[in-house]
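Analysis of the macromolecular model
Residue strings, one per chain:
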Amino acid sequence: MIEIKNLSKKFGSHFSLQDINLCLEKDESVIIMGQNGAGKTTLIRSVLGEQIPTFGSVRIAGIDPFKDRSGALSHVGFVPQLPPPIKLSAKELIRYAVVSSGIEEARIVSICEELELDIKEHFKKLFFKLSGGMKQKLLISIAIAKEPDILIFDEPAANLDAKGRESFYKLLQPLQKKRLLIFVSHRMEEIKSLLTRKIEMDLGKAVNDEKLG
């Protein structure tokens, strides 16, 4: 699903990524770990086609995200650590997702409810004025409703309380064997039962890659 070959990214004289080689498959649940500055964010941005590599290549379902970003991202649902300051109402954001990705509004609303968020009560509110937890739940719901082959979560539970995290992880359980799940997270213990693989990064390198379970 995702094939990364000799990926390196240099900013000035500093390598944020150095010769990363990874192959991530559809039935895997992968956690990417590492200290701040280890290269995790740069790796995800490269996979999403946001940052052109200095060397190497990325393929998502065989598609180069730097040459055909929309085609590559049609296979991906992404939930960022920090929700963007979107100046749409919750209803307008859902409508945009429906039109752009062919998602059913009812499905988004249903997933929000599974996360214990009655999003209909907040349809008229601007997205950026919702609480951190509400933003996260709505973005998670849109990403999952898209039914992509790949789901990438960057610290997705950071704004969720204990009950919200429990609902989120329960929601992911039936997706384990149907999707490639990627977590950039420090909360390994909470999602350990979901994981099949752990990748540790340090100073821009993948220093450990091991199967779990």
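Residues numbered from 1 in each chain as written. Predicted model: local features only at pLDDT ≥ 70, side-chain atom pairs only at ≥ 80, totals over all residues. Heavy atoms only, no water.

1. Things to note about the nonpolar core
Definition in use: Only buried residues count toward a nonpolar core, which is a set of Ala, Val, Leu, Ile, Met, Phe, Trp, Tyr and Cys residues joined through side-chain atoms within 4.5 Å. Accessibility here uses a 1.4 Å probe with only protein chains present; expressed as a share of the type maximum, an area under 20% marks a residue as buried, one over 50% as exposed, and anything in between as partly exposed. We count a stretch as a helix when DSSP gives it H or I for four or more residues in a row; a strand needs E for two or more, and each element gets its number in order from the N terminus. Contact definition: two residues touch when any of their heavy atoms are within 4.5 Å.
Core analysis: the largest hydrophobic core is formed by 43 residues, its most contacted members being Ile108, Ile119, Leu138, Ile144, Phe168, Leu172 and Phe183. Broken down by secondary-structure element, the contributors of at least two residues to this core are strand S3 (29–33), helix H3 (90–101), helix H4 (105–114), helix H5 (132–145), strand S6 (150–154), helix H6 (162–172), strand S7 (180–184) and helix H7 (188–191). When residues in this core are grouped by element, the largest group, 7 residues, is from H5. If near-sequence neighbours (up to four positions away) are discounted, isoleucine 108 is found in contact with Ile94, Ala97, Ile103, Leu138, Ser141, Ile142 and Ala145. Formed by 25 residues, the second largest nonpolar core is a distinct cluster that contains Leu17, Val47, Leu48 and Ile150.

2. Observations concerning the sheet that holds strand S2 (residues 14–24)
Under the convention used in this document: Only when DSSP finds a minimum of two bridges between them are two strands counted as paired. An axis is simply a line fitted to the C-alpha atoms; with a helix, the fit covers only the stretch in contact. Between two such axes, the angle follows the N-to-C directions and lies from 0 to 180 degrees.
Across the sheet, 3 strands lie side by side as S2-S1-S4; this open sheet has antiparallel pairing. Lying at the two open borders of the sheet, with one neighbouring strand each, are S2 and strand S4 (55–60). Adjacent strand axes in the sheet meet at a mean angle of 20°, parallel and antiparallel pairs treated alike. As judged from the 7 bridges shared by strand S1 (residues 2–11) and S2, these two strands associate in the antiparallel manner. Counted as the bridge partner of lysine 10 is phenylalanine 15 from S2. Taken strand by strand, helix H1 (residues 40–47) contacts S1, S2 and S4, and its axis lies near 120° from that of S1.

3. Quick word on H6
Every buried residue of H6 is accounted for by Gly164, Arg165, Ser167, Phe168, Tyr169, Leu171 and Leu172. Tucked into the core, H6 has its buried residues touching H4, H5, S6, S7 and H7.

4. Remarks on the packing of H4 against H5
Note the cut-off: Should an angle lie under 35 degrees it is considered roughly parallel, over 145 roughly antiparallel, and from 65 to 115 roughly perpendicular; all remaining angles are considered oblique. By definition, any crossing whose near helix is turned counterclockwise from its far helix by less than a right angle is left-handed, and any crossing with a clockwise turn is right-handed.
H5 packs onto H4 with a crossing angle of 130° between their chain directions and a minimal axis gap of 8 Å. The angle between H4 and H5 places the two elements in the oblique class. Between H4 and H5 lies a crossing whose hand is right-handed. Contacts from Arg107, Ile108, Ile111 and Cys112 of H4 reach H5 at Lys137, Leu138, Ser141, Ile142, Ile144 and Ala145.

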